[in-house]
Amino acid sequence: MAKKDRIVNENTSEEFTGIKVTKPASYAAGARGVKVALEHAVGEMGAVRAFQTLAKLNQIGGIDCPGCAWLDPDDKRSVLGEYCENGAKALAEEATLKRVTPDFFAEHSVTEMSNWSDFKIGKSGRLTHPMFLDKGAVHYKPIAWDEAFKIIGKELKKLKDPNEAIFYTSGRSSNEAAFLYGLFARAYGTLNMPDCSNMCHESSGVALSETVGIGKGSVTLDDLHKAEVVIVIGQNPGTNHPRMLTALSKCKDAGGSVIAINPLEEAGLKRFKNPQSVSDMLSLGTAITDVFLRVRINEDIALLKVIQKKLLELDEKEGDVLDHDFIAEKTIGYRSLKSDLNKHNLDDLIDQSGVEESAIDDAVKILAPAKRIIICWAMGLTQHKNGVENIKECVNLLLMKGSIGKEGAGTCPVRGHSNVQGDRSVGIVHTPSKAIASALKKSFDIDVPMEHGYDTVHSIMAMHDKKAKVFVSLGGNFVSAAPDTAYTAQALKNCSMTVAVSTKLNRTHMITGKRALILPTLGRSEKDVSNGKHRFVTVENSMGKVHTSHGSLDPASDHLMSEPEIVANIAYATLGDSSKVDWMSLGVDYNAIRDVISEVVGGFNDYNERVVEGSGFYLPNNAREGDFSKVKGRKARFSVCNLPYHDLDADDFLLTSIRSHDQFNTTIYGLDDRYRGVFNERRVLFMNPSDMKYHKLKKLDVVNITSHYDGETRLAPKFLIVPYKIPSQNLACYFPEANTLIPIDQFADGSQTPISKSVKVKVTKVE
Ligand SMILES: Nc1nc2c(c(=O)[nH]1)N[C@H]1C(S)=C(S)[C@@H](COP(=O)(O)OP(=O)(O)OC[C@H]3O[C@@H](n4cnc5c(=O)[nH]c(N)nc54)[C@H](O)[C@@H]3O)O[C@H]1N2
Ligand SMILES: Nc1nc2c(c(=O)[nH]1)N[C@H]1C(S)=C(S)[C@@H](COP(=O)(O)OP(=O)(O)OC[C@H]3O[C@@H](n4cnc5c(=O)[nH]c(N)nc54)[C@H](O)[C@@H]3O)O[C@H]1N2
Ligand SMILES: [Mo]
């Protein structure tokens, strides 16, 4: 084995696990949700630890849930528990009692572990010691922290150009860790700061900045309660943001309506039984969706244009449908939008969308009189070639209706990772910012590079082409989350060194550079004590509110280090005293980091004082205030968006890759997708029964999926067919199993987000 490449399996195990299929569920949460949540929590953590910790989740002064970025109520929090089923699972994963110790690594080689399923790898438990994989070795060995930092510092100092290093961030890091990491990258001399949002909401950021002058959503939780209509498009909140269902049901209770737009009718959007409500639990719960529009994959623009055309026509006939005062005063580009809408033939658009006209008319009936509309979206819109335009088309609809910058109305991109938005706010960006550069020059005399850094896709290409050689990741599971698994794996293997700051074992620890380090860190639920003093961190939720998170569990091991301390040590080992930043003091004192953030990043003035007051503070948000002066032209912009074109042959499909109810991204909690009625299996392919007939496929037949781009065939082998109500020539399977199919060079125009939700594929039966 000695000098040869380690033979590792970059994708998960292809073994079937024993599928059971039932009818999809008709409601979300309820008693079953509570039961499953507690089973996971108690199973991983033990009963006492589970109940004590769950009671602190999302409470003021408690732990910010390590799951999604959904927000907490500003003031009153539920005493019964301010968390959901999947939040309990997220906590259970982090607070598990299982451990991955040096003995574990001595027993299992990287080659062996790479053949395990992602489920098995993740369930191995929490990392306890810093570990080192030397050149040619197949077993990680324990290493002292100091030694690990020395190796990293030496490797980074050796590079000819700082742009040969890449610093990836996943959105679970605190503001403090992320800021320090960004400061280090800039002081070292690169903007190569790809982060998970490049694969996630980057399209939202780009579209919103260009149209309304801020790359974040404009609404607060209270707005959702007060909206007349909430459109949920390309998002599955029942699974991925379950507490959003409480907000939607409050909106319904106040007389609001919900329109859902999705190729799949997700159970969570049908009905919600709030476990906090006795009457809900004893009844059928709240019906959430008033109108469901089963759009074809990536045909949202066609559908939104139909809705806009119909509203325009009604306005011309009856008046008072569009907000002409708002359009005249606050926007530019309306005339172009209108002439573009007039150019399109209504029936062609309806055909292309795949939705019944009568259902669209039901939606239009609700939208026409409404003055307060919110559009919520997530990956179903962002992860396409035209991801940016998908969102611009949503903005068009809101602008026509004057539905932004006032109570109960606006944009609501629902963020993924619990602090992905905060990481961005405090400087994890690969694009140059004059404001940050001049602030860092003033405070620390740092000359920040002003050329673009690599985003995720371009980092992978650079490593593949050996232009980048050292890869450091602050959290995340890069090889499994990124597109084109085999290409990404080769990119990582080409590096001279890969470093992973992680809480739990994952596949990226097996697919490494010539040498690799695992640096185990504290999870957010754990006590962070230094010199006898408890420290807290801060995060920003999906609606731009910054608040504290205080860990309370004993750390998984005595050998863990906090993320800010790890970053500080890497920085010091690399830069020493060459900059004016006192890295080691900052690593210890988070108040000092927050003071620097106050100085350097706009909107964070008096950070330390404001963040401990009540439940935190909101960052400034111009779109919320109805101020669009930051946009080119100083007004909100309508955009003319093109229709997507896929050119599908009769045996082609568009495949979307989605999350099951039992995973957090690449962390697999379990093998059930309860709401969709799939149990004990992840290698499934949802297919329309008429397509099954056409392709002579039966339920649970085994198929291979291939994609064909630029003359290259990519394969995802062995999936079981599950008949499902999904539009014809559309397919869905789970992420990350599908990632082998997504070509590295297929990404959204303007945001470079991989096309994880619309990959053209073929399906062949395995005989
Ligand atoms: N429990 C749990 N919570 C999570 C996560 C998790 O994995 N597990 N992940 C977190 C992260 S990082 C993120 S980004 C979010 C993701 O949250 P979501 O975006 O809700 O997650 P996805 O499963 O990717 O699903 C997107 C939805 O879009 C639909 N869809 C697919 N293609 C299209 C399309 O072309 N048009 C339309 N209109 N809809 C489409 C799918 O059917 C699905 O319902 O959740 C966060 N929260
Ligand atoms: N095909 C397809 N691909 C996708 C998507 C899709 O919908 N389809 N979604 C994309 C999206 S939206 C996203 S956000 C990315 C996600 O990409 P990533 O953020 O890179 O992936 P995760 O699976 O969330 O990372 C999980 C790992 O993070 C580590 N971790 C957990 N908590 C902490 C912590 O507190 N600190 C540190 N240091 N480490 C921690 C653990 O070791 C765990 O194994 O994937 C993207 N990839
Ligand atoms: Mo995400």
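Preceding this paragraph is the structure being described.
Attention in this report is confined to the structure presented alongside it. Residue numbering note: each chain is counted from 1, following its sequence as written. Note on labels: chains are lettered from A, ligands numbered from 1, in written order. The predicted origin of the model limits local features to residues at a pLDDT of at least 70 and limits the giving and counting of side-chain atom pairs to 80 or more, whereas totals for whole chains, interfaces and linings rest on all residues. Note that the side-chain values use all heavy atoms of the structure and ignore hydrogens as well as water.

Some words on the overall build of the protein
Looking only at helices and strands, one finds 30 helices and 33 strands in the protein. In terms of its C-alpha atoms, the protein occupies a principal-axis envelope of roughly 75 × 65 × 55 Å. We call a residue buried when its accessible area falls under 20% of the maximum for its residue type, exposed when it is over 50%, and partly exposed in between, using a 1.4 Å probe and counting protein chains only. Relative to its 767 residues, the protein shows a buried fraction of 64%. When checking whether two residues touch, look at their non-hydrogen atoms; a contact exists if any pair is within 4.5 Å. Within the protein, contacts between residues at least 6 apart in sequence are counted, and of these 79% link residues at least 24 apart. Seen as two clouds, the 94 positive and the 97 negative side-chain charges of the protein have centres 2 Å apart. Helix and strand assignments follow DSSP, with helices taken as H or I runs no shorter than four residues and strands as E runs no shorter than two, numbered in order from the N terminus. Asp and Glu are treated as the negative residues and Lys and Arg as the positive ones, with His and the ends of the chain left uncounted. Each charge is placed at NZ for Lys, CZ for Arg, CG for Asp and CD for Glu.

Overview of the sheet that holds strand β23 (residues 617-618)
Paired through backbone hydrogen bonds, the strands of a sheet run either parallel or antiparallel to each other. Pairing between two strands requires that DSSP report at least two bridges joining them. Taken in spatial order, the three strands line up as β21-β22-β23 in an open sheet, and their pairing is antiparallel. Here the strands that pair on one side only, and so sit at the sheet edges, are β21 (537-540) and β23. The pairing of β21 with strand β22 (residues 545-549) spans four bridges and is classified as antiparallel. Bridge assignment links Thr538 to a residue of β22, and that residue is Thr548. What counts as an axis is a line fitted to C-alpha atoms, over the stretch in contact for a helix, and the angles between N-to-C directions run from 0 to 180 degrees. Packing against the sheet, helix α8 (residues 175-188) makes contact with β21 and β22, and its axis sits at approximately 90 degrees to β21.

Quick notes on the pattern of salt bridges
Salt bridges are defined as contacts in which a side-chain nitrogen from Lys or Arg sits within 4 Å of a carboxyl oxygen from Asp or Glu. All chains considered together, the criterion is met by 47 salt bridges. In this structure, Lys98 engages Glu44 in a salt bridge whose closest nitrogen and oxygen atoms are separated by 3.2 Å. Of this pair, Lys98 sits in the loop between α3 (85-94) and β3 (99-100) while Glu44 sits in helix α1 (residues 30-45), and the two are 54 residues apart along the sequence. Note on Lys98: relative accessible area 37%, which makes it partly exposed. Glu44 sits in the buried class, given a relative accessible area of 10%. Ionic pairing is found between Asp290 and Lys252, a salt bridge with its closest N-O pair at 2.8 Å. Here the residue Asp290 occupies a position in the loop between β11 (286-287) and β12 (291-293), and Lys252 occupies one in helix α12 (residues 244-253), the gap between them amounting to 38 residues.

Considerations on the packing of aromatic side chains
Within a pair of aromatic rings, the relevant descriptors are the distance that separates the centres and the angle that separates the planes. Stacked, tilted and edge-to-face pairs are distinguished by plane angle, under 30 degrees for stacked and over 60 for edge-to-face with tilted covering the rest, among Phe, Tyr and Trp rings (Trp via its six-membered ring) whose centres lie within 6.5 Å. Under the counting rule described, the total for this entry stands at 19 aromatic pairs. Ring geometry for Phe105 against Tyr140: centres 5.3 Å apart, planes inclined by 55 degrees, an arrangement best described as tilted. In this pair, Phe105 is assigned in helix α4 (residues 102-107) and Tyr140 in the loop between β5 (131-133) and β6 (141-142), connecting sequence segments 35 residues apart. Assessed through its relative accessible area of 4%, Tyr140 is described here as buried. Measuring from centroid to centroid gives 5.9 Å for Tyr607 and Phe617, while their planes differ by 90 degrees, and the two rings are edge-to-face. Pair noted here: Tyr607 is in helix α29 (residues 607-611) and Phe617 is in strand β23, with a separation of 10 residues, a long-range link. Look at Tyr607 and you get buried, because its relative accessible area is 0%. For Phe617, a relative accessible area of 6% translates into the label buried.

Some remarks on the pairing of strand β16 (residues 470-474)
In terms of residue burial, β16 counts as a mostly covered element, since five of its five residues are buried. The alternating pattern of β16 places Val470, Val472 and Leu474 on one face and Phe471 and Ser473 on the opposite face, and all of these are buried. In terms of strand pairing, strand β7 (residues 165-169) meets β16 through five bridges, oriented parallel. Bridge assignment links Ala165 to a residue of β16, and that residue is Val470. As defined by bridge partners, β16 adjoins strand β17 (residues 497-502) across five bridges and the pair is classed as parallel.

So, the site of ligand 1
Around ligand 1 lies a shell of 32 residues, among which Glu266, Asn298, Asp300, Gln663 and Asn665 are the nearest. One of the backbone nitrogen or oxygen atoms of Gly234 is found 3.4 Å away from a nitrogen atom of ligand 1. Between ligand 1 and Asn236, the relevant distance is 2.8 Å, taken from an oxygen atom to a main-chain nitrogen or oxygen of the residue. Contact with the protein chains removes 99% of the 920 Å² of surface that ligand 1 exposes when unbound. To be near a molecule or strand, a residue needs just one of its heavy atoms within 4 Å of it. Definition of a polar contact: a pair of N or O atoms within 3.5 Å, with one able to donate and the other able to accept a hydrogen when the atoms are protein atoms, and with sequence-neighbouring residues admitted only if both atoms are side-chain atoms. Note that accessible areas follow from Shrake-Rupley with a 1.4 Å probe, and for residues the cover is restricted to the protein chains shown.

As for the site of ligand 2
Residues in contact with ligand 2 amount to 31 residues; listed here are only the nearest, Tyr168, Ala481, Glu563, Thr666 and Asn739. In this structure, Ser657 approaches ligand 2 through a side-chain N or O atom, which is 3.0 Å from a nitrogen atom. Asn665 is positioned such that a nitrogen or oxygen atom in its side chain is 3.1 Å from an oxygen atom of ligand 2. Here ligand 2, which alone exposes 930 Å², has 96% of that area covered by the protein. In this classification, Asp, Glu, Lys and Arg are treated as charged, Ala, Val, Leu, Ile, Met, Phe, Trp, Tyr, Cys and Pro as nonpolar, and every other residue, Gly included, as polar. Residues of the shell around ligand 2, tallied by class, amount to 10 nonpolar, 16 polar and five charged.

Here we look at the sheet that holds strand β33 (residues 759-765)
What the six strands build is a closed barrel, ordered β25-β32-β29-β31-β30-β33; its pairing is mixed. Neighbour-to-neighbour, the strand axes of the sheet open up by a mean angle of 45 degrees, direction not taken into account. As judged from the four bridges shared by strand β29 (residues 684-687) and strand β31 (residues 712-723), these two strands associate in the parallel manner. Considered in β31, the bridge of Phe686 is made with Val722.

Considerations on the pairing of strand β18 (residues 515-520)
Burial runs high along β18: five of the six residues are buried. In this sheet, β18 lies alongside β5 in antiparallel orientation, the contact comprising three bridges. By the bridge assignment for β18, Phe132 is matched with Leu517. In this sheet, β18 lies alongside β17 in parallel orientation, the contact comprising six bridges. In the sheet register, Val501 faces β18, and the bridge partner there is Leu519.

Observations concerning the packing of helix α9 (residues 202-212) against helix α20 (residues 387-400)
The N-to-C vectors of α9 and α20 enclose an angle of 45 degrees; their axes lie 8 Å apart at closest approach. By the angle between their axes, α9 is oblique relative to α20. Where α9 crosses over α20, the two elements pack in a sense that is right-handed. Facing Ser203, Ser204, Val206, Ala207, Leu208, Glu210, Thr211 and Val212 of α9, the residues of α20 in contact are Gly387, Val388, Ile391, Lys392 and Val395. When grouped by side-chain class, the residues that make up the contact of α9 with α20 number seven nonpolar, four polar and two charged. Any angle between 65 and 115 degrees counts as roughly perpendicular, while under 35 counts as roughly parallel, over 145 as roughly antiparallel, and the rest as oblique. Put simply, a crossing is left-handed when the front helix is turned counterclockwise from the back one by less than a right angle, and right-handed when it is turned clockwise.

Regarding the packing of helix α14 (residues 300-318) against α20
Relative orientation of the contacting elements α14 and α20 amounts to 15 degrees, with a least axis distance of 10 Å. Comparing their axes, α20 and α14 come out roughly parallel. The handedness of the crossing between α14 and α20 is left-handed. Of the residues in α20, those touching α14 at Asp300, Ile301, Leu304, Lys305, Ile307, Gln308, Leu311 and Leu312 are Glu389, Asn390, Glu393, Cys394, Asn396, Leu397 and Met400. Among the residues making up the contact of α14 with α20, the classes are represented as eight nonpolar, three polar and four charged.

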